[in-house]
Amino acid sequence: MSEEIVYRRYKPGDESGIVEVMNACFDTFRGYGLNTEVWLDYDRRDPGFKKEEALVAEHKGRIVGHVQLVFREIKLGRKTFITTGGIANVSTHPDYRGKGIATKLMKMALDRCKELKIPLSSLFTGYGYVAHRIYRRLGYADTLFMTRYLAEDEEVERTLEMLPEDPSVRVREYREGDEEGMLKVYEQHIEEYTGAIRRDLTYWKNKLIDIVCYHGFFAENLGEAARVLIAEKNGKVTGYAYFFIWSKARKPIIFSKEMGILTELVASDIKTLASLAKEALKRMREEKVKTFASLVPPYPPYSDLFREFQLFRETGIYMDAVVDQSLLFDMLCKEFSARLEEAGIRSEFRFLVESPYGRTLLEVKEHEVRVSEGKADVELRFVDMHSFVRMLYGIEGFADLLLKGKIDVRRSDVKFQTLLNTMNALFPRMKWFIWPADHW
Ligand SMILES: CC(C)(COP(=O)(O)OP(=O)(O)OC[C@H]1O[C@@H](n2cnc3c(N)ncnc32)[C@H](O)[C@@H]1OP(=O)(O)O)[C@@H](O)C(=O)NCCC(=O)NCCS
């Protein structure tokens, strides 16, 4: 290349170059009609999206590569939210591929996370794509595959017959002011989930009311393609459902016109959940939807409600890289201590966690856990970055990894049963889920 490629952060005026390279690389953004106005709107609506956190590669004054950092507060465990440096819109102009541009921009994004003391970086991609291999080489692990429930009308008919009716639940259309109640139901719902994204009222209004996102970057208008149902019990919001009638989409991408897509279904109890699902499916049928997608967690009670649907595992995959292992563990110590206290476990030993991401010594004293220094009583070597990351989220527990031979226990001066009990309490299993609107 006759002139050097310059790598740098965003500066005003870059918008059109960024949009151009994104449109050249993604059918989705092109189909959505991405332009500078839409791009700048991301910066206004999404507090995690800051235009200053766009990275670009420039050649002869033209932007030929781009990576966007999107910050999200992601739940790790029961109570702890950690800021993750989300990676989005990784794009290299077709004429410039295979020259290491995306790799270099990704490394810059990881350095930026380090600089901001962000211990984790996360992204969505497709298994087996060029990008997937690039991410793996940079230390991103395969955390979890995406899933979706699909059904044709016949299965929906059976589902409608099966779902119970609760006369005490009133299901109605969304009204202005409902979002506070919806947020409360959401906050209660995510208590059981790891991976969930923290939201606040502004985020809710900007991304789930003013426009309705079915993905962080893609949205439709409320009342047109996007519909919201509210469940009410004794005048209180107890649940909500978001669904999209794709034949009405203004900017249709990805899905077929005959589709109805349930993108969020949350309620404080199973009966309300069933009432909402029933009403949403009924309304989709009234609007001549022929294929029904439900993007809900693949766990009970959803798996019971949608048991007539087919559950598909997709090539879509969520990946994480630990940027700073000791910092991450430090942020998790309060949660670890609470887990030991809850399990009634009091031990005293120091263990070294050695993973592809680094070495961290953790000290357990009574039920307090802290990052420490010095000699370890036991060394735990995690050889596989994928299972290590899954354990951090609770997608797999410590015991699962041990059984699979993914942990090498070395030089142990701790009784095996004590070690096992403590580690099982520290790394239990949890349900993992991120609702589509929060994706990036
Ligand atoms: C994925 C993408 C960003 C990679 O950009 P890039 O700047 O070519 O990536 P790099 O040069 O850093 O990575 C090189 C890898 O791409 C592959 N590659 C090499 N030459 C290539 C070419 N001419 N065209 C496409 N890929 C090529 C190789 O697997 C190479 O790996 P290697 O280092 O082992 O040789 C680019 O292909 C793209 O914009 N794709 C469309 C958008 C997309 O899918 N983004 C990811 C969304 S998650």
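Above this text is the structure in question.
This structure is a prediction, so every number in the text was calculated from the model and none was measured.

For leucine 352, the position within the fold is in strand 16 (residues 347–355). Sequence-wise, leucine 352 and glutamate 373 are 21 residues apart; in three dimensions their C-alpha atoms are separated by 9.5 Å.

Around the ligand, the structure places 20 residues, and the nearest of them are Val90, Thr92, Gly98, Gly100 and Thr103. Between the ligand and threonine 92 there is a distance of 2.8 Å, counted from an oxygen atom to a side-chain nitrogen or oxygen. Relative to its free-state accessible area of 910 Å², the ligand is covered by the protein chains to the extent of 66%. Of the residues forming the shell around the ligand, the biggest block, six residues, is contributed by helix 5 (residues 130–137).

Another point: the packing of helix 1 (residues 15–25) against helix 3 (residues 36–45). Where helix 1 meets helix 3, the closest approach of the two axes is 9 Å, and the angle between their N-to-C directions is 105 degrees. Relative to helix 3, the element helix 1 lies roughly perpendicular. Two secondary-structure elements touch here, helix 1 through Glu15, Ser16, Ile18, Val19 and Met22 and helix 3 through Thr36, Trp39 and Leu40. Looking at the contact of helix 1 with helix 3 residue by residue, the classes come out as five nonpolar, two polar and one charged.

The next point concerns the packing of helix 6 (residues 153–162) against helix 9 (residues 270–286). Closest axis-to-axis distance for the helix 6/helix 9 pair is 10 Å, and the angle between their directions is 140 degrees. Our classification of the angle between helix 6 and helix 9 gives oblique. The element helix 6 and its partner helix 9 pack so that their crossing is left-handed. Contact residues: Asp153, Val156, Glu157, Thr159 and Leu160 in helix 6; Lys278, Leu281, Lys282 and Arg285 in helix 9. Partitioned by chemical class, the residues of the contact of helix 6 with helix 9 number three nonpolar, one polar and five charged.

The next thing to look at is helix 7 (residues 179–189). Along helix 7, the positions that sit buried rather than exposed are Glu179, Gly181, Met182, Leu183, Val185, Tyr186 and His189. Lining the buried residues of helix 7 we find strand 8 (193–194), helix 8 (201–208), strand 11 (226–233), strand 12 (236–245), strand 13 (259–267) and helix 10 (302–305).

This part is about the side chain of histidine 189. Following the sequence through the fold, histidine 189 ends up in helix 7. Take histidine 189: its relative accessible area is 10%, and that puts it in the buried class. There is a polar contact of 3.3 Å between the side chain of histidine 189 and the side chain of tryptophan 435. Contacts of histidine 189, omitting those with residues within four sequence positions, involve Val266, Tyr302 and Trp435.

Before going further, it helps to examine the sheet that holds strand 2 (residues 49–59). Sheet strands line up and pair through hydrogen bonds in the backbone, either parallel or antiparallel. Reading across the sheet, the 12 strands line up as 1-2-3-4-5-15-6-14-13-12-11-7 and stay open at both edges, with mixed pairing between neighbours. The open sheet is flanked by strand 1 (6–9) and strand 7 (170–173), the only strands paired with a single partner. If you compare each strand with its neighbour and ignore which way they point, the axes differ by 25 degrees on average. For strand 5 (residues 120–126) and strand 15 (residues 310–322), the ladder comprises seven bridges, and the chain directions are antiparallel. Residue glycine 126 lies in a different strand from strand 15, and its bridge partner there is glycine 316. Across the sheet, helix 8 lies against strand 3 (62–76), strand 12 and strand 13, angled at about 30 degrees from strand 12, the strand it touches most.

Moving on, we come to the packing of aromatic side chains. For the structure on display, the rule yields 36 aromatic pairs. The interplanar angle of 50 degrees and the centroid separation of 5.9 Å between the aromatic rings of phenylalanine 29 and phenylalanine 217 together place this pair among those described as tilted. With a gap of 188 residues between them, phenylalanine 29 in helix 2 (residues 27–32) and phenylalanine 217 in the loop between strand 9 (212–215) and strand 10 (218–220) connect regions that are remote in the sequence. For phenylalanine 217, a relative accessible area of 4% corresponds to the buried category.

What the rule picks out here adds up to 49 salt bridges. Of the charged contacts, one joins arginine 359 and glutamate 354 as a salt bridge, the two residues approaching to 3.2 Å between their closest N and O atoms. The exposure class assigned to arginine 359 is exposed, which follows from its relative accessible area of 55%. With a closest N to O distance of 2.9 Å, glutamate 379 and arginine 411 form a salt bridge. In this pair, glutamate 379 is assigned in strand 19 (residues 378–382) and arginine 411 in the loop between strand 20 (407–410) and helix 14 (416–426), connecting sequence segments 32 residues apart. A relative accessible area of 52% places arginine 411 in the exposed class. One continuous salt-bridge network, built from bridges that share partners, spans Arg170, Arg172, Arg175, Asp178 and Glu232.

Reading guide: rules and limits
Residues numbered from 1 in each chain as written. Predicted model: local features only at pLDDT ≥ 70, side-chain atom pairs only at ≥ 80, totals over all residues. Heavy atoms only, no water. Helix = DSSP H or I, 4+ residues; strand = E, 2+ residues; numbered from the N terminus. Near = heavy atom within 4 Å. Polar contact = N/O pair within 3.5 Å; in protein donor to acceptor, adjacent residues only side chain to side chain. Areas by Shrake-Rupley, 256 points an atom, 1.4 Å probe, with all protein chains shown as cover. Axes fitted to C-alpha atoms, helices over the stretch in contact; angles between N-to-C directions. Parallel < 35°, antiparallel > 145°, perpendicular 65-115°, else oblique. Contact = heavy atoms within 4.5 Å. Nonpolar A, V, L, I, M, F, W, Y, C, P; charged D, E, K, R; others polar. Left-handed = near helix turned anticlockwise from the far one by under 90°. Buried < 20%, exposed > 50% of the residue type's maximum accessible area, 1.4 Å probe, protein only. Pairing = 2+ DSSP bridges. Phe/Tyr/Trp six-rings, centres within 6.5 Å; stacked < 30°, edge-to-face > 60°. Salt bridge = Lys/Arg side-chain N within 4 Å of Asp/Glu carboxyl O.

Geometric descriptors of this kind do not, in isolation, establish any biological role.
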